[in-house]
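Per-entry structural report
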Amino acid sequence: MKFLLARPRQSGSTHNCFHALLGLPLLAVMTATAQAADTNNNTTIEEQSIQEEKPQWYTGSLVSPSGAMTKKGMIAWEPYMTYSQPVGQFNSNGSSQPLHPRQKAVSNFTLYKYSITDSVSIQLTPVISYRWKKGDNTSSDLKFGDLPVDLMWRYVDADPKRYIPALSIFAGMAMPTGDYNRLGRAQDGVGAGAYTFRLALTEQSTYTLPGQHELRLRVWSTFRRAVTTAHLHDVTSYGTSSGFKGRAQPGMYGESGFSLEFGINQKWVLALDLARDWANGAHLRGTTATGKKVNSLSEASGDWQIAPAIEYNWSPRFGVIAGVSTYFAGHNTGFDISPQVAFNSVF
């Protein structure tokens with residue numbers, strides 16, 4: 001076009017008509033090109049608009065804690081069903097060895113969360129379990145564990161455009177509602193017998209990867225410390241036998257880890273947790289049935305846990321996750337394989 005405009009102007013009506021006729025198809029090409037450009041721009045804008053209108057849906061990984069909810073009055077309900085299959089025992093130097101007999105368990109862990117304000121939520125997580133051992137014909141019946149109650153505050157809101165994550169802090173208490181004292185069998189112990197202070201820090205951030213795949217990262221660290229002692233009689237969850245009288249101070253324990261959730265599409269998500277658990281030993285004091293004095297401190301323990309899973313979300317409010325958690329390293333602790341499934345709902 002620039003070349004035609006730069007050509008020397010010729011006189012005569014015939015040449016003027018020729019140029020006029022030559023300009024018509026050129027003008028048509030320019031108009032079509034402009035319309036195509038507008039169409040491409042509109043398509044790009046529409047695609048971006050569709051992507052913005054279709055945010056990634058998540059259920060949440062198996063292990064990572066979620067932060068405070070974002071809108072006052074919201075309610076979350078998420079029941080987990082877990083089967084625990086013991087595999088072995090890590091000894092003090094980290095070597096694994098078989099574990100017999102194996103105590104299996106089926107547990108229902110349910111999360112209830114209510115948003116008091118746009119940044120403050122309260123959460124309850126009761127656990128009901130059933131345990132049994134091979135060769136033991138007696139039943140432990142359903143057992144209700146200790147009841148944690150947490151208040152959580154999101155003190156930094158997420159801003160993905162500026163790479164600012166959402167930051168939350170939890171503080172709460174675990175109530176000693178689980179059986180731990182005067183047990184029929186040692187495996188019936190599901191509680192600590194002490195009020196336990198709970199503290200946690202969590203981070204959550206999201207990133208858009210090539211292909212418009214969303215990746216959500218969570219990082220967390222938890223700390224637990226008993227603020228009372230457990231008064232013990234007879235068979236207890238601390239390994240004492242009939243006739244024992246005394247008390248126990250549970251050791252401090254906690255967990256740190258991170259999770260990744262990769263969006264295959266809006267509904268399907270791949271999730272992975274990696275966590276490190278640690279626990280100090282419990283301090284046990286008292287007397288046995290024969291009058292022998294006991295004053296012992298159990299060994300500290302730790303483990304590494306991994307939990308792959310897959311999520312399916314059929315709406316922003318409802319989804320399901322299924323996966324398995326297992327331990328691959330540790331010391332002074334048992335390890336198991338735990339298939340689990342959870343249903344997530346938000347109202």
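Residues numbered from 1 in each chain as written. Predicted model: local features only at pLDDT ≥ 70, side-chain atom pairs only at ≥ 80, totals over all residues. Heavy atoms only, no water.

Under the annotation held in an unreviewed UniProt entry, the protein chain carries the name Transporter and is attributed to Acetobacter lambici.

**Digging into the packing of aromatic side chains**
Threshold: A pair of aromatic rings is counted whenever rings of Phe, Tyr or Trp (Trp by its six-membered ring) have centres within 6.5 Å, and the orientation is called stacked for planes under 30 degrees apart, edge-to-face for over 60 and tilted otherwise. Relative accessibility decides the category of a residue: with a 1.4 Å probe and only protein chains considered, values under 20% of the type maximum give buried, values over 50% give exposed, and everything between is partly exposed.
Within this structure, the stated rule accounts for 11 aromatic pairs. Between the aromatic rings of Tyr-130 and Trp-132, the centroid separation amounts to 5.8 Å while the plane-to-plane angle is 35 degrees, which identifies the pairing as tilted. Classification of Tyr-130 by relative accessible area gives partly exposed; the value is 29%. Clustering of aromatic rings is evident, with ring pairs tying together Trp-77, Trp-268, Tyr-312, Trp-314, Phe-318, Phe-343 and Phe-347.

**Section: a nonpolar patch on the surface**
Worth spelling out the cut-off: What goes into a patch is any residue over 30% in relative accessible area without a salt bridge, connected to like charges within 9 Å or, for nonpolar side chains (Val, Leu, Ile, Met, Phe, Trp, Tyr), within 5 Å. Per-residue and other accessible areas follow the Shrake-Rupley method at a 1.4 Å probe size, with only the shown protein chains counted as cover for residues. In what follows, salt bridge is the name for a side-chain nitrogen of Lys or Arg lying within 4 Å of a carboxyl oxygen of Asp or Glu. The helix and strand labels rest on DSSP assignments: H or I over at least four residues marks a helix, E over at least two residues marks a strand, and numbering proceeds from the N terminus.
Among the surface-exposed residues, Ile-75, Trp-77, Tyr-112, Tyr-114, Ile-116, Leu-124, Leu-151 and Phe-347 lie close enough to one another that they form a single nonpolar patch of about 730 Å² accessible area. Counting only elements with at least two residues in the nonpolar patch, the list comes to strand S1 (75-90) and strand S3 (103-115). Structurally, Tyr-112 can be placed in strand S3. Note on Tyr-112: relative accessible area 39%, which makes it partly exposed.

**Overview of the sheet that holds strand S15 (residues 283-287)**
Rules: Here, any two strands with at least 2 DSSP bridges between them count as paired. Each axis is a line fitted through C-alpha atoms, taken for helices only over the stretch in contact, and angles between the N-to-C directions span 0 to 180 degrees.
Across the sheet, which stays open at both edges, the four strands sit in the order S11-S12-S15-S16 with antiparallel pairing between neighbours. Each edge of the sheet is formed by a strand with only one pairing partner; in this case those strands are strand S11 (230-233) and strand S16 (293-297). Neighbouring strand axes in the sheet, compared pairwise and without regard to direction, differ in orientation by 15 degrees on average. Pairing of strand S12 (residues 245-249) with S15, which is carried by five bridges, proceeds in the antiparallel orientation. Across the sheet, Gln-249 pairs through a bridge with His-283, a residue of S15.

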